[in-house]
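# Summary of the model geometry
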Amino acid sequence: MMAAHNPRLDIDLAALCANYRRIAAACPAAEAAAVVKCDAYGLGAEAVGRALATMEDCRTFFVAYSEEGAALREAIGPKPRIFVFNGPFPEYLSAYRAYRLTPVINTIEQARLFAREAPGAPAALHFDTGMRRLGLSMGEADAVSAVSGLNVTLVMSHLACASDPAHPMNAAQLSAFAAIAGKFPAAQKSLASSGGALIGKKFGCDQVRLGVGLYGASPLDERSFPIDPVARLTAPVIQVHDMRAGETVGYGATFTADRALRLATVSLGYGDGFPRAASNRGKAHLNGALCPIVGRVSMDLIVLDATKTPQPVKVGDRAEFFGPNRLIDDQAADCGVIGYELLTGVGGLARPRRGLGGRVERRYFWGDRPADAGFVGDEGKDA
Ligand SMILES: *Cc1c(COP(=O)(O)O)cnc(C)c1O
């Protein structure tokens, strides 16, 4: 049952596809792959994957771990390539076979394991060019080339500072990557995430791996590249009341009114994945005004200062916490978090999800109209 008193995450699949085309066009010579890890940044990998796969150019997907790959394979069918960033582990090799997943190899042990268990099957190599998170070291290139049975179809690395085009680390990683990639002439080369794809064409190599920009948050700190909002988080007002000067709001009494205020209490909180860091810092768009969050965000409630709304606020009105009227990057900046965190925090607790009881309802649209049931699949059915 769609409940009027629940928060909603409305997702525009047409805007998602528009962002894909726009960012892909920045590196026209490169294939544009889609990163749909973490349930497509909280927006639902099934619907997002199906929508992206309607575009002829979108033929390669990346997930973080193999269970995500298996679920994505069931959603998007046999054709697209699905790469798994975290690499192959012995207990998951059967899933790689059953769902035709391609591992991203991060260690020599993984290379040997996969070559032994699936000789000749395609594999990607991830070289660490400075991120110091995952990947083979540059010095391991010759050792990994010597592993027999390994069929390397993609060589990749990951930029540490892609959101800042002027950062010197980008050029340093590009040249380190070029040196390594030259050792694998037959393989596709991939270095850039959505930020990297916007730094300059030479970062595009053969393939870019697009994530956050698809989902409507800016990949660049400067926000110099236009991205359409994709997700809209709204929550209903469940009580309206007046507050006198000198009174305080919420846990810890961290906000004191300096004059009479009209408050709107909204049904959303950190239990829904909305960050407590928004306390006394975030804002929501309500009845034509941007209303400050006053006091602390509680588990399932947020109080807004709705004194200045042009239309008087009433129970049932919906406040927008991110979306077309409250850009996710503005909300993130005000709250001291990043767009990625707002999306995955709220989306990670959205329902219906097998085994999880979050109350945020995801709804899918294609522009202004509800998306076709074919995109929505299990996501759209109520738990
Ligand atoms: C998450 C991730 C991406 C996508 O990054 P965005 O900044 O979201 O575009 C690309 N490559 C790797 C290795 C990643 O982990």
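Predicted, not measured: the structure shown is a model, and the values here were computed from it.

### Details of the nonpolar core
Considering soluble globular proteins, one finds that nonpolar side chains tend to be buried as a cluster. Formed by 91 residues in total, the largest nonpolar core has its most connected members in Val36, Leu52, Tyr215, Phe274, Leu304 and Phe321. Of all the elements, helix H1 (residues 13-24) adds the most residues to this core, at 7 residues. Built from parts of two domains, this core gets at least three residues from each of domain 1 (12-214) and domain 2 (231-351). The contact partners of leucine 304, leaving out residues within four places of it in the chain, are Arg262, Leu263, Ala264, Val266, Ala284, Leu286, Cys291, Pro292, Ile293, Val294, Ala319 and Phe321. Residues Phe127, Val147, Phe184 and Ala187 belong to the second largest nonpolar core, which totals 29 residues.

### Overview of unusual backbone geometry
Most of the time, phi is negative for any residue but glycine, and the peptide bond is trans. With a phi close to 55°, tyrosine 41 is a non-glycine residue in the positive phi region. Counting through the fold element by element, tyrosine 41 comes out in helix H2 (residues 37-41). Judged by relative accessible area, which is 7%, tyrosine 41 ranks as buried. One non-glycine residue with positive phi stands out, namely arginine 100, at about 50°. Tracing the chain through its elements places arginine 100 in the loop between helix H5 (93-98) and strand E5 (102-105). Relative accessible area serves as the criterion here: at 48%, arginine 100 is assigned to the partly exposed category.

### Side note on the site of the ligand
If you check the shell around the ligand, you find 13 residues, and the closest are Lys37, Tyr41, Ser194, Val212 and Tyr340. Between the ligand and the protein, one listed contact pairs an oxygen atom with a side-chain N or O atom of serine 194 at 2.3 Å. Between tyrosine 340 and the ligand, the recorded distance is 2.7 Å, taken from a side-chain N or O atom to an oxygen atom. Contact with the protein chains removes 93% of the 380 Å² of surface that the ligand exposes when unbound. Tallied by class, residues from the shell around the ligand come to 6 nonpolar, 4 polar and 3 charged.

### What to know about the domain arrangement of the chain
One can read the domain layout of the chain as domain 1 (12-214) and domain 2 (231-351). Taking only C-alpha atoms into account, the centre of domain 1 sits 37 Å from that of domain 2. The partner domain 2 presents 6 residues to the 5 residues of domain 1 that form the contact. In total, domain 1 and domain 2 occlude about 530 Å² of area from one another, counting both sides; carbon and sulfur atoms represent 77% of this. The tally of links from domain 1 across to domain 2 stands at 0 salt bridges. Taken together, the connections running from domain 1 to domain 2 amount to 0 residue pairs in polar contact (both at pLDDT 80 or more). Partitioning the side of domain 1 that touches domain 2 into residue classes produces 4 nonpolar, 1 polar and no charged.

### Some points on the pattern of salt bridges
Scanning all chains against the criterion turns up 16 salt bridges. Across the pair lysine 314 and aspartate 317 runs a salt bridge, and its minimum N-O distance is 2.9 Å. On the accessibility criterion, lysine 314 (52% relative accessible area) is exposed. A relative accessible area of 10% means that aspartate 317 is categorised as buried. Taking the shortest distance from any N to any O, the salt bridge between aspartate 334 and arginine 326 comes out at 2.8 Å. Look at aspartate 334 and you get partly exposed, because its relative accessible area is 27%.

### Some remarks on H1
With 12 residues, H1 should cover 16 Å at 1.5 Å per step; its first-to-last C-alpha distance of 16 Å lies within 8% of that length. Leu13, Ala15, Leu16, Cys17, Asn19, Tyr20, Ile23 and Ala24 are the residues of H1 that are buried. Two to three positions downstream of the cap, the backbone nitrogen of alanine 14 sits 2.9 Å from a side-chain oxygen, assigning the N-cap of H1 to aspartate 12.

### Digging into the sheet that holds strand E9 (residues 207-210)
Pairing is parallel around the closed barrel formed by 8 strands, whose spatial order is E2-E3-E4-E5-E6-E7-E8-E9. Averaged over neighbouring strand pairs, the angle between their axes works out to 30° when direction is ignored. Pairing analysis gives 2 bridges linking strand E2 (residues 31-35) to strand E3 (residues 60-63), with the strands arranged parallel. Within E3, the residue paired with valine 35 across the bridge is phenylalanine 62. Each of strand E7 (151-156) and strand E8 (188-192) is contacted by helix H8 (residues 168-181), which is oriented at about 165° to E8, the strand it contacts most.

What counts, and at which threshold
- Residues numbered from 1 in each chain as written.
- Predicted model: local features only at pLDDT ≥ 70, side-chain atom pairs only at ≥ 80, totals over all residues.
- Heavy atoms only, no water.
- Core = buried A, V, L, I, M, F, W, Y, C linked by side-chain atoms within 4.5 Å.
- Buried < 20%, exposed > 50% of the residue type's maximum accessible area, 1.4 Å probe, protein only.
- Helix = DSSP H or I, 4+ residues; strand = E, 2+ residues; numbered from the N terminus.
- Domains from an automatic or database assignment.
- Contact = heavy atoms within 4.5 Å.
- Near = heavy atom within 4 Å.
- Polar contact = N/O pair within 3.5 Å; in protein donor to acceptor, adjacent residues only side chain to side chain.
- Areas by Shrake-Rupley, 256 points an atom, 1.4 Å probe, with all protein chains shown as cover.
- Nonpolar A, V, L, I, M, F, W, Y, C, P; charged D, E, K, R; others polar.
- Buried area = accessible area lost by both parts, 1.4 Å probe.
- Salt bridge = Lys/Arg side-chain N within 4 Å of Asp/Glu carboxyl O.
- Expected span 1.5 Å × (residues − 1).
- Pairing = 2+ DSSP bridges.
- Axes fitted to C-alpha atoms, helices over the stretch in contact; angles between N-to-C directions.

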